[in-house]
Amino acid sequence: MPKYHFPIVDGTKLPDPTGVSLRNDEEAKDHAKLIARTVGAAGIKADRSVLAVDDDNNEVHRERVPKSGDV
């Protein structure tokens, strides 16, 4: 199974060095959405996004983190 990484970006990048093995890009997209909702529920107020990046460093999805009032 391919490995995907989910860095969080807001002008700077918080890397995800470990990553997660998932079946395909669609599962990676769903996982990025889950991470974004979880970060948003924590009350983050900055504009942030969660990226889904494959092992070749290709961005396969970008999910905006909802601000605390949007969750």
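Along each chain, the written sequence defines residue order, and numbers are assigned to residues from 1. Local features in this predicted model are restricted to residues whose pLDDT is 70 or higher, and side-chain atom pairs enter the listing and the counts only when it is 80 or higher, whereas totals over whole chains, interfaces and linings include all residues. Calculation of side-chain values draws on the structure's entire complement of heavy atoms; hydrogens and water are dropped beforehand.

J.: Give a detailed account of unusual backbone geometry, specifying residues and quantitative values.
T.: A positive phi angle, close to 70°, is found at Asn 57, a residue other than glycine. Numbering of helices and strands runs from the N terminus, with a helix taken as a DSSP run of H or I at least four residues long and a strand as a DSSP run of E at least two residues long. In this structure, Asn 57 sits in the loop between strand E5 (49–54) and strand E6 (59–64). Using a 1.4 Å probe on the protein chains alone, a residue whose accessible area is under 20% of its type maximum counts as buried, one over 50% counts as exposed, and one in between counts as partly exposed. A residue is classified by how much of its surface remains accessible, and Asn 57, at 60% relative accessible area, is exposed.

J.: I'd like a description of the nonpolar core, backed by residues and values.
T.: Counting residues in each nonpolar core, the largest one holds 11 residues, listed as Tyr 4, Phe 6, Ile 8, Leu 22, Ala 28, Ala 32, Ala 36, Val 39, Val 50, Ala 52 and Val 65. Counting only elements with at least two residues in this core, the list comes to helix H1 (25–41) and E5. Here this core takes 4 residues from H1, the largest share from any one element. Whether two residues touch is decided by their heavy atoms; if any such pair falls within 4.5 Å, the residues are in contact. Ala 28 has contacts with Tyr 4, Phe 6, Leu 22, Ala 52 and Val 60, leaving out every residue within four places of it along the chain. As used in this record, nonpolar core signifies buried Ala, Val, Leu, Ile, Met, Phe, Trp, Tyr and Cys residues forming a set joined through side-chain atoms within 4.5 Å.

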